[in-house]
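So the chains spell out like this:
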Amino acid sequence: QVTLVESGGGLVQAGGSLRLSCAASGIGFSVYNMAWYRQAPGKQRELVAAITSGGSTNYADSGQGRFTIARDNAKNTVILQMNNLKPEDTGVYYCYAKHRSFQWNHWGQGTQVIVSS
């Protein structure tokens, strides 16, 4: 059974930092591309950051320079370090895994991030 379990969300003041973690099990983690998505209240889910199985990264413009995505294949974990948080970063953050070759993809249950002004 595939599970992606997010942790690290919470309430933080603007300018603060949070570190989100996603622990994967039931998949061959090293051959999956991983990503973090965010869904703000009343809005569609959007990509925040992604990292390929080979370690290449890309970021949404909103997080460029503030967020860092990284993976640890030995621990089957992907993290999202978020610095200088803004109220508009508020939302539920979801971990997403997609096999690099096949149309196998999985979502976590999400972790809530609230940034107060």
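Refer to the structure presented above.
This one's a predicted model, so the numbers in the text were calculated from it and none came from an experiment.

(A) Region of the structure containing the environment of Val115. Within the fold, Val115 resides in strand S11 (residues 111–116). As a C-alpha pair, Val115 and Gly16 span 99 residues in sequence and 8.4 Å in three-dimensional space. Not counting the four nearest positions on each side in its chain, Val115 is found in contact with Val12, Gln13, Ala14, Leu85, Lys86, Pro87, Asp89 and Thr90.

(B) Fine view of the state of the cysteines. Counted under the stated rule, the structure contains one disulfide. Covalently, Cys22 is tied to Cys95 through a disulfide, its sulfur atoms 2.1 Å apart. An S-S torsion of about -80 degrees defines the bridge between Cys22 and Cys95 as left-handed. Linking Cys22 in strand S3 (residues 18–25) with Cys95 in strand S9 (residues 91–99), this pair joins segments that are 73 residues apart in sequence. Of the two residues, Cys22 and Cys95, neither departs from the other in class, the shared state being buried.

What counts and what doesn't
Residues numbered from 1 in each chain as written. Predicted model: local features only at pLDDT ≥ 70, side-chain atom pairs only at ≥ 80, totals over all residues. Heavy atoms only, no water. Helix = DSSP H or I, 4+ residues; strand = E, 2+ residues; numbered from the N terminus. Contact = heavy atoms within 4.5 Å. Disulfide = S-S within 2.5 Å. Buried < 20%, exposed > 50% of the residue type's maximum accessible area, 1.4 Å probe, protein only.

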